[in-house]
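Chain residues, written in single-letter form:
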Amino acid sequence: MSVFNYEKDTDGIVTITMDMTGPVNSMNDEFLPALSAAVERLTQESGLIGVIFASAKKTFFAGGNLHSLLAAEPGMEQKFFEGIEAVKREFRTLELMPVPIVAAINGAALGGGYEICLACNHRIAYKHKSVQLGLPEVGLGLLPGGGGVVRLTNLLGIEKALPYLLEGKKVTPEKAVAAGMIDETVDKLEDLVPKAKAYILASQGDEASSVQPWDAKDFRIPGGKINSPKNAQMAMMAPAMLRQKTRGLLPAPEVILDTAFQATLVDFDTAQRVESRGLTQLVMTPQAKNMISTFFFGLNKVNGGASRPKNIEKNLTRKVGILGAGMMGQGIAYVSAMAGIEVVLKDISHDAAEAGKAYSEKLLQKQVSRRRMDEAKAQAILGLITPTANDEDLQGCDLIIEAVFENIQLKNKITAATEKYLSDDGFWGSNTSTLPITQLAEGSARPENFIGIHFFSPVDKMPLVEIICGEKTSDEALAKAFDYTMQIRKTPIVVNDSLAFFTSRTFGTYLDEGGRILTEGCHPVKLDNLGQALGMPVGPLAVQDETSLELSRKAMETWEEMGVLDQWGEGDNNRRIIKDMITDNGRGGRHHGGGYYEYPENGEKYIWPGLYDLYYDESKTFDDEDIKDRLLFRQVIETLKCLETNVLRTVADGNIGSIMGIGAPIWTGGFLQFVNTYGLQKFIDRCGELEAEFGQRFACPQIVKDKLAANELFI
Ligand code: NAD
């Protein structure tokens, strides 16, 4: 029996219900044979008046087969190209049939799923929040190669199609109707196929209903061709704007833009060939491999609970106590209340706690004014937050998270004073960003219930939470922290205790290396520009200004007390910078009146002129590639060390954590995945060169050599 269930009714309508092996329909090995057989049978039908494509799964169709896309290697181009063309041929035969083909979209139709819909003449979707439509391939370094670029461009016109193609925007059925991506919706799922049948019956005798817009006589692409005078500005600006956004590091959007432009110029079938070639080119790139590995497989592993202890029942946090209503505490209160959790927000005074709650009110009002939420819902969420200055109000919390000042004595004191208010099976989380969890847990009577729950600033925007296990943290506490993080809709990575954990420690190497390059005499603008050219969100100097040099000074003092700064080899240069910048010149960072940059009230920031006097040496030359590699390799090496010493428990956590928590360049797929496509031997060699020229901190960690010897990758 085929995985495409073929049924013809007495009216002459064939319904093809896709029901592939496994939980979803996708373009796996079953797909092409099933599609070909169905299309072949349709072409032989007599008395056929229409065809419906439907799904027996919860989603309509899930898209491409990412395993086979990952396996495609240079040298396999021709075979890959032919594979795409074979699918396209079936879609083309289908849409050229003289009867209307209707997509009955019961669930998500993304990527290949929406491409099937585009090859149909009419698209009807179930109006439900689980139904999303779009072409998200760009997010995996690919293009929609099953006709997606060409058909969407022909359907909507280049200007309207571009956001869906270049940003991978996903939309609800209502928005899809408004955008012209589908034709209509039904309110009830059971009305979907009957509505499709009614459409076919009503279309009888109407020849146009079986002709795609681009196959109609006198078809003109909406908005005109890209070389029409009306589009001249877009043709000129779009590539430049794109380049500015991707910094030339991501080939997919560039190939998509080119394909979409060409789709307006050449005939439909030629455009399809261009599109197939584009996908063939992209699928072989390291960027696509990196992005598929991390943003699909890695993220699924992380969110699927690979780092959550097994066989522990799922825990629901109902009431959370948050100590400290400062920058972090108020954000944690907001995301918790948004997830329907009761929040007790405590600070040293009632006013301070109220001010923390006001932060949530501000964010909620913004949503109301943008019509993303109604007033009643906003009030209900706000009503979940109780500001207080009384410890007793913490009674019965399932979880208490402390986010008070970064001070061990204070944190220990608070733990001792308030952990008794936790419910019997409650647990304790510290939002410390630098202090060892094991040491903080010494302040607790139940260290097994003590765990690090490290949020990133701003909490409402940053998608990651780094969970840190101390020496005595139990699996139960870890499972609970993991579940809480999922409950507030964040992505949890799990790491073992180590000073500065994984994210802060690795991020610190970016700042440290930037500081070294600066004091060696490099022009500060060049340095920051190269950080960005590498794909980091901002250069090392600009980012240190944001997180503040003051904070670096405090962290340095703590590490100095612990005697680890010199052990890390990060002492001398940092001491010099802190002395020059803060002690001698009062340059503590953006929120301390300026740091490496000046921040004029009504103008763009610019480098603080004193910085040139301190370090800039005109006589020295710096190689761009060396600077970029130094900034990148330091972070990659630190991540490898974290894996080697078990601070990182999984590769997926390292990749997702580096992308979402540190801002690792998207094209790398994270700091560990980067090594896979860079090539292990090549990585070892380049580390050797950097070590010889710049110092021992570039020594390649043994784990890379071990992996190479075992012929394995970091997965
Ligand atoms: P903050 O100074 O903005 O807020 C700290 C709050 O704690 C203040 O409102 C203070 O009044 C309150 N507080 C002090 N003693 C208290 C007590 N005994 N009981 C109740 N409240 C008390 O600091 P922040 O930036 O929100 O940082 C808080 C914690 O989060 C620190 O441990 C910090 O390392 C960590 N953290 C900060 C960031 C960041 O980017 N700022 C990121 C991750 C983690």
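Residues numbered from 1 in each chain as written. Predicted model: local features only at pLDDT ≥ 70, side-chain atom pairs only at ≥ 80, totals over all residues. Heavy atoms only, no water.

Enquirer: Which parts of the structure should I look at to understand the domain arrangement of the protein?
Expert: When the parts come together, some accessible area is lost, and that loss is often what is quoted as the size of the interface. Partitioning the protein into structural domains gives domain 1 (4-284), domain 2 (319-499) and domain 3 (503-623). Each of domain 2 and domain 3 has a C-alpha centre, and these two points are 31 Å apart. Contacts between the two partners involve 11 residues from domain 2, matched on the other side by nine residues from domain 3. In terms of surface lost to domain 3, no three residues of domain 2 exceed Thr 434, Glu 466 and Leu 499, which account for 59% of the buried area on that side. Here domain 2 and domain 3 share zero salt bridges between them. The interface formed by domain 2 and domain 3 contains three residue pairs in polar contact (both at pLDDT 80 or more). Each residue belonging to the side of domain 2 that touches domain 3 can be placed in one class, and the counts come to five nonpolar, five polar and one charged. (Domains from an automatic or database assignment. Contact = heavy atoms within 4.5 Å. Buried area = accessible area lost by both parts, 1.4 Å probe. Salt bridge = Lys/Arg side-chain N within 4 Å of Asp/Glu carboxyl O. Polar contact = N/O pair within 3.5 Å; in protein donor to acceptor, adjacent residues only side chain to side chain. Nonpolar A, V, L, I, M, F, W, Y, C, P; charged D, E, K, R; others polar.)

Enquirer: Explain the side chain of Glu 550 here, please?
Expert: Relative to the elements of secondary structure, Glu 550 occurs in helix H22 (residues 549-562). A residue is classified by how much of its surface remains accessible, and Glu 550, at 15% relative accessible area, is buried. Beyond its immediate sequence surroundings of up to four residues, Glu 550 is in contact with Ile 582, Gly 588 and His 592. (Helix = DSSP H or I, 4+ residues; strand = E, 2+ residues; numbered from the N terminus. Buried < 20%, exposed > 50% of the residue type's maximum accessible area, 1.4 Å probe, protein only.)

Enquirer: Honestly, the site of the ligand in this entry has me stumped. Any pointers?
Expert: Near the ligand there are 21 residues, and of these Met 328, Asp 347, Glu 406, Lys 411 and Ser 433 occur at the shortest range. Side-chain polar atom of Asp 347 to an oxygen atom of the ligand: 2.6 Å apart, as the coordinates give it. The contact in question runs from an oxygen atom of the ligand to an N or O atom on the backbone of Val 404, over 3.3 Å. Protein chains bury 78% of the 830 Å² of accessible surface belonging to the ligand in isolation. Among the elements of the structure, helix H13 (327-338), helix H16 (408-418) and strand S15 (450-455) are those that each provide at least two residues to the shell around the ligand. Broken down by element, the residue count for the shell around the ligand peaks at three residues, all from H16. Residues of the shell around the ligand, tallied by class, amount to 10 nonpolar, seven polar and four charged. (Near = heavy atom within 4 Å. Areas by Shrake-Rupley, 256 points an atom, 1.4 Å probe, with all protein chains shown as cover.)

Enquirer: Please explain the sheet that holds strand S9 (residues 184-186) as it appears in this structure.
Expert: Backbone-to-backbone hydrogen bonds join strands into a sheet, with any given pair of strands oriented parallel or antiparallel. The strand order across the open sheet built from six strands is S1-S2-S3-S4-S6-S9, with neighbouring strands paired in mixed fashion. If you trace the sheet from one side to the other, it starts and ends with strand S1 (4-8) and S9, each paired once. Pairwise comparison of adjacent strand axes, ignoring direction, gives a mean angle of 20° for this sheet. Taken together, the three bridges between strand S6 (residues 122-126) and S9 define a ladder with parallel strand orientation. Residue pairing across strands places Ala 125 opposite Thr 185, the latter belonging to S9. Docked against the sheet, helix H8 (residues 192-202) engages strand S2 (13-18), strand S3 (50-55), strand S4 (101-105), S6 and S9, running at close to 165° with respect to S3. (Pairing = 2+ DSSP bridges. Axes fitted to C-alpha atoms, helices over the stretch in contact; angles between N-to-C directions.)

Enquirer: Got a minute to help me understand the packing of aromatic side chains in this structure?
Expert: How two aromatic rings sit relative to each other is set out by the distance from centre to centre and by the angle between their planes. Within the structure shown, the criterion is met by 14 aromatic pairs. Measuring from centroid to centroid gives 6.0 Å for Phe 4 and Phe 31, while their planes differ by 70°, and the two rings are edge-to-face. Here Phe 31 lies in helix H1 (residues 31-44) and Phe 4 lies in strand S1, a separation of 27 residues in the sequence. Across this residue pair, the class does not change: Phe 4 and Phe 31 are buried. Pairing Tyr 678 with Phe 683 gives two aromatic rings, centres 6.3 Å apart and planes at 90°, and the pair type is edge-to-face. (Phe/Tyr/Trp six-rings, centres within 6.5 Å; stacked < 30°, edge-to-face > 60°.)

Enquirer: I would appreciate a short explanation of the pattern of salt bridges in the present structure.
Expert: Pairing between side chains of opposite charge can happen when their charged atoms approach one another. In this structure the tally under the stated criterion is 38 salt bridges. Asp 9 is the salt-bridge partner of Lys 197, the closest N and O atoms lying 3.1 Å from each other. On the criterion of sequence distance, the pair formed by Lys 197 in helix H8 and Asp 9 in the loop between S1 and S2 is long-range, its members being 188 residues apart. Bridged by salt links that share partners, the residues Asp 512, Glu 513, Arg 516, Glu 520, Arg 630, Arg 634 and Arg 697 form one connected network.

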